[in-house]
Amino acid sequence: MKREKWTGKMGFILVSVGSAIGLGNIWLFSWRVGEYGGAAFLIPYLLFVFGIASVGLMEEWAFGRSQVKGAIGAFENVFEEKKEGAGKIGAALGFIPVAAVFSIYIFYAIVIGWLLKYFFLSFTGAFNVINIPEYFGTFTGTANTIGWHAVAVIGTMVIVFFGVQRGIEKANKIMMPVLFAILLILVIRSVTLEGAMDGIKYIFVPEWSKLAEVKTWIMALGQAFFTLSLGGATMLVYGSYARDDTDIPSASIQAVSFNFMASMLAALAIIPAVFAFGLDPAAGPGLLFVSIPTVFAKMPGGYIFGILFFLSVVFAGFSSSVSMLEPAVEGFMDKTGFSRGKAVLLLSVVAFLIGLPLDVDMSKFGTWADITTIYVLPFGAFVAAVVFFWVFGADKARAEINKNSNIRFGKWFEPYGKYIFVLVAFVVLVLNIIYGGIG
Ligand code: TRP
């Protein structure tokens, strides 16, 4: 079977941006930017996302591209090259990030299920009828979520089934432009509402004193890693489908910029509207499933804007969920020789079945989400960084990143990756554990 490739650099950037833009941009960023100092938060955030996390992005892409394999095969190759027979250890290590991202997929699909339900509710005009604050609690954690969860799993499955070009790339080519267009429309609506100014201030007025708080820096760092989907599996497998002539440093600048743009647009679409109606700009599910539907119930034209909003979030969800399923599918195909169809079907069934107990029990759901995002995912990001910069080697790493690029990193990049980036990836893991999650 011939390995597929993205159609070109644009397609590669698009799918990576699709992975990067997800709930992290919507329900975390918009709240964090306000909570941790407004414009002042952007300083550590931009510093970390462009200065540190983008190195992780280039590392994962270049690692995948150099080995033309996902994490399992790639780790196996570089270990075997170092020492004959060590390949098995590499493969076992590579299994960790793939399993981590797959475990995230398991609960992410459940959240997409909730989003689909709310998309449906927006259609039926239900936000004007139901008791919004109560509704979320009566819906989640019950068997009523199972059907929606199934739709999310099937949707992801269908996209991944059609493969790299005709599935993932094509879906992103439709979803990403629509997502940006909708966000723009929503921003215009949101900032022109009466009382929107307080929300704009919440986002933009810099509270410089927050920069003196360690927590601001920690949250910005966690955000930077999570938002770029660093975990040693997703961006690595996406890189493995990149053509050799793809300019990785320039693609990284573009992907990070688009991702940042989406975060800012989401914040501007959400926060001013939330303030205009005197609601709580809470973080996480409370923002998305309580404050926002309440906004649409009250806002002029809220019916249409509500539909658009939930459609855009559903798109953000699917473009991320496919990127969580693909690493496992690639690894499975590579190791067993199964066809894509069989691998996708099997893994989707497994993900759905493991997710079932989480559907009906919110405390199990919370535990699962915590363990996977706090411990396993940052561990995967750290391991990938060590294997790339230390086992594969910092000199080869730099050469692969520089390959066919107009931007050439000098010798300094080697200690930067080997010591600074690896250390920061380790610190992210430790801080996650200490703080109980920062991503
Ligand atoms: N970056 C996405 C977000 O911000 C989440 C995501 C998608 C992700 N794929 C990933 C996170 C892989 C870690 C690993 O919501």
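Above: the structure in question.
The present account deals with the structure reproduced in this document. A quick note: this is a predicted structure, and the numbers were derived from the prediction, not measured.

What counts and how
Residues numbered from 1 in each chain as written. Predicted model: local features only at pLDDT ≥ 70, side-chain atom pairs only at ≥ 80, totals over all residues. Heavy atoms only, no water. 1 Å grid on protein atoms, 1.4 Å probe; cavity = no way out; pocket = protein on both sides within 12 Å on 5 of 7 lines; lining within 4 Å. Points joined across faces, edges and corners; volume = space filled by probe spheres on them. Helix = DSSP H or I, 4+ residues; strand = E, 2+ residues; numbered from the N terminus. Nonpolar A, V, L, I, M, F, W, Y, C, P; charged D, E, K, R; others polar. Axes fitted to C-alpha atoms, helices over the stretch in contact; angles between N-to-C directions. Left-handed = near helix turned anticlockwise from the far one by under 90°. Contact = heavy atoms within 4.5 Å. Parallel < 35°, antiparallel > 145°, perpendicular 65-115°, else oblique. Core = buried A, V, L, I, M, F, W, Y, C linked by side-chain atoms within 4.5 Å. Buried < 20%, exposed > 50% of the residue type's maximum accessible area, 1.4 Å probe, protein only.

Now for the layout of surface pockets. In this structure, the largest pocket encloses a volume near 600 Å³. For the largest pocket, the lining is made up of 28 residues, of which Trp-27, Leu-28, Asp-370, Thr-373 and Gly-439 are closest to its centre. Counting residues per element, the ones that place at least two in the lining of the largest pocket are helix 2 (23-35), helix 5 (87-124), helix 10 (214-227) and helix 16 (362-402). Class assignment of the residues belonging to the lining of the largest pocket gives a composition of 18 nonpolar, eight polar and two charged.

We now examine the packing of helix 7 (residues 146-161) against helix 14 (residues 302-336). Running from N to C, helix 7 and helix 14 cross one another at 65 degrees; their axes reach a closest spacing of 9 Å. Every pair of crossing elements has a handedness; the one defined by helix 7 and helix 14 is right-handed. Counting all contacts with helix 7, which are made through Val-151, Ala-152, Gly-155, Thr-156, Met-157, Ile-159 and Val-160, the residues of helix 14 involved are Phe-318, Ser-321, Val-322, Leu-325, Glu-326 and Val-329. Residues that form the contact of helix 7 with helix 14 fall into these classes: nine nonpolar, three polar and one charged.

Next up on the list: the packing of helix 14 against helix 15 (residues 340-359). Put simply, helix 14 and helix 15 touch, their axes get as near as 9 Å, and they point 125 degrees apart. Taken as axis vectors, helix 14 and helix 15 run oblique relative to one another. Seen from above, helix 14 lies across helix 15 with right-handed handedness. Taking contact as the criterion, the partners of Leu-325, Glu-326, Ala-328, Val-329, Phe-332 and Met-333 in helix 14 are, on helix 15, Arg-340, Ala-343, Val-344, Leu-346, Leu-347 and Ser-348. Here the residues of the contact of helix 14 with helix 15 sort into nine nonpolar, one polar and two charged.

Before going further, it helps to spend a moment on the nonpolar core. The biggest cluster of nonpolar side chains holds 163 residues, and the ones touching the most others in it are Trp-6, Phe-29, Tyr-118, Phe-225, Leu-288, Phe-309 and Phe-421. Setting aside its immediate chain neighbours within four residues, Phe-421 contacts Ile-52, Val-55, Gly-56, Glu-59, Phe-225, Leu-230, Ala-385, Phe-389 and Tyr-416.

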